[in-house]
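Chain residues, written in single-letter form:
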Amino acid sequence: MSLKIGILGLPNVGKSTLFNALTRTKSAEAKNYPFCTIEPNMGIVEVPDQRLKSLSEVSMSEKVIPTTIEFVDIAGLVEGAHKGEGLGNKFLSHVRECDAIGHVVRFFEAPNVTHVHDCLDPKIDREIIESELLLADIQTMEKRLEKAKTDAKSGEKEKKNYAELLERVNEGLRAEILASNMEMTNEETEILKDLNLLTMKPHLYIVNVHEDELGNIDMQKFADILKVENKDKIIPICAKVEEELGDFNEEEASEYLKSLGLEKTGLNALIISAYNALDLITFFTSGPKETRAWTVNKGHTAPKAAGKIHTDFEKGFIKAEVVDWENFVKSGGEIKSKEEGLIRLEGKEYQVKDGDVMHFKFST
């Protein structure tokens, strides 16, 4: 299943233009008026990974299969969305289906592109969107909290602890703290999963800038303006430039990026940030039939990784043959890696590392 990122923001901040650029499509309307996007547009993008090419070449693979990300272009939210203003309730339901939120914030001046509040203020724009997500979560939380408090009267320790956890999170939400920024144990995060809180989803800030700013990006400046503590959550992108890159081949795109003082596309930067935010890594399988990338959570064990390929692999897991992708390529493939003693056997407790090339042994 693809990782799903919701592209979210106020009307006319460049969401649809960015969506079209990232997915290399023209499926999302990009007009100069609010709510030109009604139903969410969806596009699946292959995750660029140069390691796949190197692996497939030494394995002489017939097919190369990258992992993918699904982008969802969600219509612009407005104040009062949590109460159904605009098309709020519908929009928020689409956010709930995503794994992470890419919050597009407009930093570019453009007199011909209407701003929904008639002035450019990125911090206010960020606060409006996050307030709507917070208010929607408070509604969800208070419904559950009322029942949890009633259940806690039974005196059962587990039910009492659950009500206390909900109370603590609800207080945080009311203090305008995103659930993802609250201090919680892994166990507490797992307990809250069924609430599907909007503010629990990893939040990335896609700063849509003018192309003239791209060569001289100051991440701390954007963080200060937005009042975002972690500047690693900020991805500066020029939607217009990303759109233009869609018309270039790989070599032309590389030259164009260099001329702008950039090392990678906005798409690549967004994917890297999303993987980091969600604690995701990539492992590979590689042979004559195919070389393929697989996405797993950091810390997942070898059986869990095997289950990504097929549930039977996880159930009947015996061991995994593992080699780092660079060693696999340098040695010239699987056979030579074995001859050079580079492939090692790992058991059920082995935690998969980014870049592992794996071959699973299992019983049926």
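The structure under discussion appears in the preceding block.
Residues numbered from 1 in each chain as written. Predicted model: local features only at pLDDT ≥ 70, side-chain atom pairs only at ≥ 80, totals over all residues. Heavy atoms only, no water.

**Student:** Can you tell me about the layout of surface pockets, naming the residues and giving the values?
**Tutor:** Space inside the largest pocket adds up to approximately 1500 Å³. Looking at the lining of the largest pocket, the elements with two or more residues in it are β1 (3-8), α6 (186-191), α10 (266-277) and β9 (290-297). If one sorts the elements of the lining of the largest pocket by residue count, β9 sits on top with six residues. Estimates place the volume of the second largest pocket at around 1100 Å³. In this structure, the second largest pocket is lined by 37 residues; those nearest its centre are Pro48, Asp49, Gln50, Thr265 and Asn268. Among the secondary structure elements, those contributing two or more residues to the lining of the second largest pocket are β2 (41-46), α2 (50-59), α9 (250-259), α10 and β8 (280-286). With six residues, α10 is the largest single contributor of residues to the lining of the second largest pocket. Split by residue class, the lining of the second largest pocket holds 18 nonpolar, nine polar and ten charged. (1 Å grid on protein atoms, 1.4 Å probe; cavity = no way out; pocket = protein on both sides within 12 Å on 5 of 7 lines; lining within 4 Å. Points joined across faces, edges and corners; volume = space filled by probe spheres on them. Helix = DSSP H or I, 4+ residues; strand = E, 2+ residues; numbered from the N terminus. Nonpolar A, V, L, I, M, F, W, Y, C, P; charged D, E, K, R; others polar.)

**Student:** I'd love a proper account of the sheet that holds β1, names of residues and values included.
**Tutor:** In space, the six strands of this open sheet follow the order β2-β4-β1-β5-β6-β7, with mixed pairing throughout. Each end of this open sheet is capped by a strand with a single partner; those strands are β2 and β7 (234-237). Mean inter-strand twist for the sheet, computed between neighbouring axes without regard to direction, equals 25°. Note: strand β5 (residues 100-106) against strand β6 (residues 203-208), six bridges, orientation parallel. Considered in β6, the bridge of Arg106 is made with Asn208. The sheet contacts of helix α7 (residues 219-226) involve β5, β6 and β7, and relative to β7 the element is tilted by about 110°. (Pairing = 2+ DSSP bridges. Axes fitted to C-alpha atoms, helices over the stretch in contact; angles between N-to-C directions. Contact = heavy atoms within 4.5 Å.)

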